Amino acid sequence: MDSKRRNFLKVAGLTAIAGIGAPSAFNMLLKGEALASSGGGHGEAAAPSGTRWGMVVDVKKFAENPELANQCISACHTVHNVPDFGNAKDEIKWLWVEKYPNAFPEHSQDKRPDYVQELPIMVLCNHCEKPPCVRACPTKATYKKKDGIVAMDYHRCIGCRFCMAACPYGARSFNWRDPRGKDENGNPFIKAENPKFPTRMRGVVEKCNFCTERLAIGQLPACVEAAAQSKALVFGDLNDPHSEVSQVLKANFTIQRKPSAGTHPSLFYII
Amino acid sequence: MYGKGRIIPALIIFLGLMTSPIWLQLGNASKTPKPEKPKDYTECVEPTQYMRETHMLLLNQWRDDILREDADMERNDPKRVGHTANGTAYVRSLQNGCMNCHTSKKKFCDECHEYAAVKPYCWDCHIQPKEAM
C-alpha cells in the first residue's frame, strides 16, 4: 500500500500547485501585463484616445533649403537655453541633423543613390508611444504625459544616464559641464538666455520636450514655427483624423526610425 | 590660594573667550529678516502666514501639476493659472509667476533664506530676474 500512498501524494501535490498557479497566470495574461512589458514589434499601435502630439518631417524640403535645418535648430536651442560647449564630446542637442544611413540604419543602404546618403535628416526625441527611457528611469524623472509627450522633470534627475542607454535614438544628452559656465575665452555657453525658460544644471540629462511649455499657452513648437513658411515640419494631433498632420500622413508614404525597436515613435519622415 | 595671581586672571580670560560668541552677537540676535514686498500688489496667492510656512510645498505642488498633469488642461485651467482670494489671475510658475511681482531675489528670497541658513537650489536652473543681479 506504501507505493499507492506515494503516488497519491504526488498527484495531490501537483494538483495543488496547478490550482494555485493557474489562476494567477491566467489573470496576468488576461490583463495583458505580460504583453505590456514585452509587446511592441511591428504591429499596429493601441487604439487612440485623447491627444497624441506628433510630427511629420519633410526631408525633401530640408534638402531644397540647406539653411532651414540650422534655423530650426537655433530656434529650438535659443528658446530652451541649450548650451553650446563647442566640442562634440560634451555636446547637448535637442534637435540636430543626421545623415540618412545613421538615422535609418535598419533600412537597406544597398544601391541607394548618392543624394539619399547626403540627405539632411532632422532628428529629435521621437516621443515614443512605448518609451524605453521611461521604463529605465529609476526616479520617474522622465515620464510619458497623457498627450503623448515624453517629458522630463529635471528636479528629479539624478544623472544616472540609464535613459541615455535605453534610448534607441540617441536623443538624450548629459550635462558633463555646468551649462551656466563660460569657456576659456570668457564667453558663456548659453549665448542669450531666454528668461522665460530655465537652464539645466551640471549632472542632469536633457532632451527635446516637444515644446510642451509652448503648447500649454497655445503656441506651436519652436522648430515648427521656424519652418512654418516651407511647411517642412507638420505638427499636430495624430489621434485627430482631421488634423493637418493626419492628412499629410494619409497622403504621403512616411517612414519611422528603427521600427523594430517597437517604440512606436510619434515622428514620421517623408524621404 | 597658591598662585592666585595667575590663576584668577587666566580664569577670567578663559571665561571671556568661552562666552565670546554670546556677547559678540548680542546686537545682531534681534535683527529679523525684512523681505521687501512688491509695491504694486497687496495680496499674494495665499495668506501671508501660509506663504511664510509652506511656500516650498506650494512650489513643489505647482511643479508636479505643471510638469506632469498639464496634458488635459485647458489654457486657463486652475492647475495652470490660479486666482488669488480677490480674483487676480496668476501663472503657477516660479520664474514666470512669483518673480513677476517679487522682482528681486536678493531683497525677497535671500533675506529669509540667509537668516534661516537654508540653501534651496531653485536658482541653479531657474533664471532670476535681471534686476536682482
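Refer to the structure presented above.
Residues numbered from 1 in each chain as written. Chains lettered and ligands numbered in written order. Predicted model: local features only at pLDDT ≥ 70, side-chain atom pairs only at ≥ 80, totals over all residues. Heavy atoms only, no water.

Turning to the overall build of chain A, a few remarks are in order. When helices and strands are tallied, chain A shows eleven helices and nine strands. Taking 271 residues into account, the globule formula puts the C-alpha radius of gyration at 18 Å, and chain A, at 24 Å, lies well above it. Counting all 271 residues of chain A, 43% fall into the buried class. Contacts in chain A between residues at least 24 apart in sequence constitute 66% of all its contacts with a sequence separation of at least 6. (Helix = DSSP H or I, 4+ residues; strand = E, 2+ residues; numbered from the N terminus. Rg over C-alpha atoms; globule rule 2.2 N^0.38 Å. Buried < 20%, exposed > 50% of the residue type's maximum accessible area, 1.4 Å probe, protein only. Contact = heavy atoms within 4.5 Å.)

From N to C terminus, chain B includes five helices and two strands. Each helix and strand of chain B, placed in order from N terminus to C terminus, yields the pattern α-α-β-β-α-α-α. Every one of the 133 residues in chain B was classed for burial, and the buried ones make up 28%. Once local pairs closer than 6 in sequence are excluded, the contacts in chain B between residues at least 24 apart make up 53%. If you sum the accessible surface of chain B, you get close to 9900 Å²; carbon and sulfur atoms cover 60% of it. (Areas by Shrake-Rupley, 256 points an atom, 1.4 Å probe, with all protein chains shown as cover.)

Residues and elements named next belong to chain A. With the rule as written, the count across this model stands at eight aromatic pairs over all chains. Seen from their ring centres, tryptophan 94 and phenylalanine 197 are 6.5 Å apart, and the 80 degrees between their planes marks the pair as edge-to-face. Separated by 103 residues along the polypeptide, tryptophan 94 in the loop between helix H4 (66–79) and strand E2 (95–99) and phenylalanine 197 in the loop between strand E6 (173–174) and strand E7 (205–206) bring together distant segments of the chain. Residue phenylalanine 197 is classed as buried on the basis of its relative accessible area of 10%. By way of ring pairs, the aromatic residues Trp53, Phe210 and Phe235 are connected into one cluster. Lying over the aromatic face of tyrosine 154, arginine 200 brings its terminal NZ or CZ to 5.6 Å of the ring centre. (Phe/Tyr/Trp six-rings, centres within 6.5 Å; stacked < 30°, edge-to-face > 60°. Lys NZ or Arg CZ within 6 Å of the ring centre and 35° of its normal.)

Right, let's talk about the environment of lysine 231 of chain A for a bit. Residue and element names in this part refer to chain A. By the secondary structure assignment, lysine 231 is in the loop between helix H10 (222–226) and strand E8 (233–237). Along the sequence, lysine 231 and histidine 80 sit 151 residues apart, while their C-alpha atoms lie 22 Å from each other. Contacts of lysine 231, omitting those with residues within four sequence positions, involve Lys61 and Glu244.

With that out of the way, let us pick up the interface of chain B and chain A. Between chain B and chain A, the contact holds 19 residues from the first and 25 residues from the second. A buried area of about 1900 Å², summed over both sides, lies between chain B and chain A, and 47% of it is on carbon and sulfur atoms. Sorting the residues of chain B by area buried against chain A places Arg68, Cys125 and Ile127 of chain B first, and these three jointly supply 32% of that buried surface. Applying the counting rule to chain B against chain A returns two salt bridges. (Buried area = accessible area lost by both parts, 1.4 Å probe. Salt bridge = Lys/Arg side-chain N within 4 Å of Asp/Glu carboxyl O.)

With that out of the way, let us pick up the sheet that holds strand E9 (residues 267–270) of chain A. Residues and elements named next belong to chain A. Strands sit in the order E8-E1-E9 across an open sheet of three strands; the sheet is mixed. Each edge of the sheet is formed by a strand with only one pairing partner; in this case those strands are E8 and E9. If you compare each strand with its neighbour and ignore which way they point, the axes differ by 20 degrees on average. Strand direction decides the pairing type here: strand E1 (residues 53–58) and E8, joined by five bridges, are antiparallel. Bridge pairing in E8 places valine 57 opposite leucine 233. Sitting on the sheet, helix H11 (residues 244–251) touches E1, E8 and E9, and the angle it makes with E8 is about 115 degrees. (Pairing = 2+ DSSP bridges. Axes fitted to C-alpha atoms, helices over the stretch in contact; angles between N-to-C directions.)

A word on a nonpolar patch on the surface. Residues Met1, Ile7, Ile8, Leu11, Ile12, Phe14, Leu15 and Met18 of chain B make up a contiguous nonpolar surface patch of about 850 Å² in total accessible area. Relative to the assigned elements, leucine 15 of chain B resides in helix H1 (residues 4–24). (Patch = residues over 30% accessible without salt bridge, like charges linked within 9 Å, V, L, I, M, F, W, Y side chains within 5 Å.)

This next bit is on the nonpolar core. Residues and elements named next belong to chain A. Core analysis: the biggest nonpolar cluster contains 57 residues, and Met55, Phe62, Ile121, Leu233 and Tyr269 have the highest contact counts within it. For this core, the element with the most residues is H4, which contributes five residues. Each residue touching leucine 233, except ones within four places of it in the same chain, is listed here: Met55, Val56, Val57, Phe62, Cys72, Cys223, Val224 and Ala227. One finds Val234, Val245, Phe268 and Ile270 within the second-largest nonpolar core, a separate group that totals seven residues. (Core = buried A, V, L, I, M, F, W, Y, C linked by side-chain atoms within 4.5 Å.)

What follows is about the environment of proline 120 of chain B. Here proline 120 of chain B shows up in the loop between helix H4 (109–115) and helix H5 (122–125). Separated by 107 residues in sequence, proline 120 of chain B and isoleucine 13 of chain B have C-alpha atoms that sit 40 Å apart.

Scanning the model with the defined rule gives 15 salt bridges over all chains in all. Across the salt bridge formed by lysine 61 of chain A and aspartate 58 of chain A, the nearest N and O atoms sit 3.5 Å from each other. With relative accessibility at 28%, the residue lysine 61 of chain A sits in the partly exposed group. The shortest N-O distance in the salt bridge between arginine 63 of chain B and aspartate 64 of chain B comes to 3.3 Å. Judged by its relative accessible area of 29%, aspartate 64 of chain B is partly exposed. Shared partners join several salt bridges into a network, and the residues in it are Asp153 of chain A together with Arg63, Asp64 and Arg68 of chain B.

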